[in-house]
Amino acid sequence: AQSVTQPDIHITVSEGASLELRCNYSYGATPYLFWYVQSPGQGLQLLLKYFSGDTLVQGIKGFEAEFKRSQSSFNLRKPSVHWSDAAEYFCAVTLSNFGNEKLTFGTGTRLTIIP
Amino acid sequence: NAGVTQTPKFQVLKTGQSMTLQCAQDMNHEYMSWYRQDPGMGLRLIHYSVGAGITDQGEVPNGYNVSRSTTEDFPLRLLSAAPSQTSVYFCASGTLNQPQHFGDGTRLSIL
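In this numbering scheme, every chain counts its residues from 1 along its sequence in written order. As they are written, the chains are lettered A onward and the ligands numbered 1 onward, keeping that order. With the structure being a predicted model, the display of local features is reserved for residues of pLDDT at least 70 and the display and counting of side-chain atom pairs for 80 or more, all residues being used for whole-chain, interface and lining totals. Only hydrogens and water are set aside; all other atoms, that is, all heavy atoms of the structure, feed into the side-chain values.

Visitor: I tried to follow the layout of surface pockets on my own but got confused; where do I start?
Guide: Unoccupied space between atoms shows up once a probe the size of one water molecule is rolled over them. Here the largest pocket defines a volume of roughly 360 Å³. Mapped onto the lining of the largest pocket, the elements with two or more residues apiece are β1 (3-5) and β11 (104-105) of chain A together with β5 (43-51) of chain B. Here the element with the most residues in the lining of the largest pocket is β5(B); it accounts for three residues. Any residue that is not Ala, Val, Leu, Ile, Met, Phe, Trp, Tyr, Cys, Pro, Asp, Glu, Lys or Arg is counted as polar, Gly included; the first ten are nonpolar and the last four charged. By residue class, the composition of the lining of the largest pocket is eight nonpolar, seven polar and three charged. Here a cavity denotes grid points, spaced 1 Å and computed from the protein atoms alone, that fit a 1.4 Å probe unable to get out, and a pocket denotes an open set having protein on both sides within 12 Å along at least 5 of 7 lines; residues with an atom within 4 Å of a point are the lining. Grid points are joined across faces, edges and corners, and a volume is the space filled by probe spheres set on the points. Per the convention used, a helix needs a DSSP run of H or I reaching at least four residues, while a strand needs a run of E reaching at least two, with both numbered from the N terminus.

Rendered as structure tokens:
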């Protein structure tokens, strides 16, 4: 069955330190890949997406992610985190190249920032 | 721009009651979806639609009905609420080769 795995349930990082959130997927074909962020009590905001082309994609708020086909991974990175980055992060994938209406989500990684 | 609007934001129901969660989008998107979010489980797809008059089931459709009579609206119906349906519900809309936009969610408690 198709699945998305975010192995880290909770990560704590010091403000100003670098960040990497892991995402692995299990699909027969190359999926379309997304990272979303959710602040407490809020909806989901798209950070970045990968459809095709350059495997290193840039997103909003200084985030980037790299698609590695050989590892079935799409890890999210940020060189220097800010206190406002504290939130929950979701990796999502779809095989639908139409409206991405059938997203499969990982279980999320909660990010805590310490001063 | 309103984007994706979900109403109500909060709701408490008793077991067996019915209700409709509303979702409206003003971006003329063809594709709309409903997800539920439960702790430790991420978001799971309930139903989706690829256009007016066309709906299909997602991963967890049992206990929910949908219809899509217009492009703008995609209501989710709970016919007989159960405690297991306590969750946060998100509606999303999208268009060709574009990521989905999400609403702010409806927090539903079933007593």
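Visitor: Would you mind going over the state of the cysteines with me for this structure?
Guide: Cysteine sulfur atoms are paired as a disulfide whenever they fall within 2.5 Å. In the structure shown here, the tally under the stated rule is two disulfides over all chains. Each disulfide pairs two cysteine sulfurs, and for A:C23 the partner residue is A:C91, the sulfurs being separated by 2.0 Å. Between A:C23 and A:C91, the S-S torsion sits near -65°, and that sign places the bridge as left-handed. Of this pair, A:C23 sits in the loop between β3 (19-21) and β4 (24-26) while A:C91 is found in strand β10 (residues 87-94), placing the two residues 68 residues apart along the sequence. Put simply, B:C23 and B:C91 are joined by a disulfide, and their sulfur atoms are 1.9 Å apart. A torsion of -75° about the S-S bond marks the disulfide between B:C23 and B:C91 as left-handed.

Visitor: What is the right way to look at the nonpolar core in this model?
Guide: Within soluble globular proteins, side chains that are nonpolar generally end up buried alongside one another. What is meant by a nonpolar core is a set of buried Ala, Val, Leu, Ile, Met, Phe, Trp, Tyr and Cys residues, joined one to another through side-chain atoms within 4.5 Å. For the exposure calls, accessible area comes from a 1.4 Å probe over protein chains only, and a residue counts as buried if that area is under 20% of its type's maximum, exposed if over 50%, partly exposed in between. One finds A:L19, A:W35, A:L47, A:L48, A:F74, A:L76 and A:Y89 to be the most contacted residues of the largest nonpolar core, which totals 27 residues. Counting only elements with at least two residues in this core, the list comes to β2 (10-14), β3, β5 (32-38), β6 (44-50), β8 (64-68), β9 (73-78), β10 and β12 (109-114) of chain A. The element contributing the most residues to this core is β10(A), with four residues. Excluding anything up to four places from it in sequence, A:L47 contacts A:W35, A:Y36, A:V37, A:G59, A:I60, A:K61, A:F63, A:L76 and A:Y89. B:V4, B:I46, B:V60 and B:I110 belong to the second largest nonpolar core, which has 19 residues in total. Residue contacts follow a heavy-atom distance rule, with two residues in contact if any of their heavy atoms lie within 4.5 Å.

Visitor: Would you explain the interface of chain A and chain B in this entry?
Guide: Quoted interface sizes are often the accessible area lost when the parts come together. The interface of chain A with chain B comprises 21 residues on the first partner and 23 residues on the second. Accessible area that two parts lose when put together, with a 1.4 Å probe and added across both, is what the buried area reports. Carbon and sulfur atoms supply 58% of the area that chain A and chain B bury against each other, a total of about 1700 Å² over both sides. Every case where a carboxyl oxygen of Asp or Glu lies within 4 Å of a side-chain nitrogen of Lys or Arg is listed as a salt bridge. The interface formed by chain A and chain B contains zero salt bridges. Polar contacts here mean pairs of N or O atoms no more than 3.5 Å apart (in protein, one a potential hydrogen donor and the other a potential acceptor; neighbouring residues in sequence count only if both atoms are side-chain atoms). Inspection of the region where chain A meets chain B yields five residue pairs in polar contact (both at pLDDT 80 or more). Of all the elements in the fold, those that place two or more residues in the side of chain A that touches chain B are β5 and β6 of chain A. The residue makeup of the side of chain A that touches chain B, split by class, is nine nonpolar, nine polar and three charged.

Visitor: Hey, could you run me through unusual backbone geometry in this one?
Guide: Negative phi is the rule for most residues except glycine; trans is the rule for most peptide bonds. At the junction of B:T7 and B:P8, the peptide bond is cis and its omega measures out at -5° in the coordinates. Tracing the backbone shows B:P8 in the loop between β1 (4-7) and β2 (10-13). Not every positive phi belongs to a glycine, and A:S72 is a case in point at roughly 50°. Its place among the elements puts A:S72 in the loop between β8 and β9. Here B:N28, not a glycine, exhibits a phi torsion of approximately 60°, which is positive. Secondary-structure assignment places B:N28 in the loop between β3 (19-25) and β4 (31-37). According to the relative accessible area criterion, B:N28 is exposed, its value standing at 57%.

Visitor: Just checking my understanding: could you explain the environment of A:Q6 for this structure?
Guide: Residues and elements named next belong to chain A. Mapped onto the elements, Q6 comes out in the loop between β1 and β2. Sequence separation between Q6 and Y27 is 21 residues, and the spatial gap between their C-alpha atoms is 15 Å. When sequence neighbours within four positions are dropped, the list of residues in contact with Q6 reads R22, W35, Y89, F90, C91, G106, T107, G108 and T109. A polar side-chain atom of Q6 sits 3.4 Å from a polar atom in the side chain of T109.

Visitor: Any chance you could explain the packing of aromatic side chains here in plain terms?
Guide: Two descriptors summarise a pair of aromatic rings, namely the distance from one centre to the other and the angle between the planes of the rings. The criterion for an aromatic pair is that two Phe, Tyr or Trp rings (for Trp, the six-membered ring) have centres within 6.5 Å, with stacked assigned to planes under 30 degrees apart, edge-to-face to planes over 60 apart and tilted to the rest. Tallied over the entire structure, the rule returns 14 aromatic pairs over all chains. Taking the centre distance of 6.4 Å and the plane angle of 85° together, the rings of A:F90 and A:F105 count as edge-to-face. Pair noted here: A:F90 is in strand β10 and A:F105 is in strand β11, with a separation of 15 residues, a long-range link. Judged by relative accessible area, A:F90 falls into the buried class, the value being 1%. On the numbers, 5.8 Å between centres and 65° between planes, the contact of B:Y64 with B:Y89 is edge-to-face. In this pair, B:Y64 is assigned in strand β7 (residues 64-66) and B:Y89 in strand β9 (residues 87-94), connecting sequence segments 25 residues apart. For B:Y64, a relative accessible area of 4% gives the class buried. Take B:Y89: its relative accessible area is 0%, and that puts it in the buried class. An aromatic cluster is present here, built from A:Y32, A:F34, A:Y36, A:F51, A:F90, A:F105, B:Y35 and B:F102 joined pairwise through their rings. Above the plane of the ring of A:F51 lies A:K49, whose end atom (NZ or CZ) is 6.0 Å from the centre. Two thresholds decide whether a charge sits over a ring: the Lys NZ or Arg CZ must be within 6 Å of the ring centre and within 35 degrees of the ring normal.

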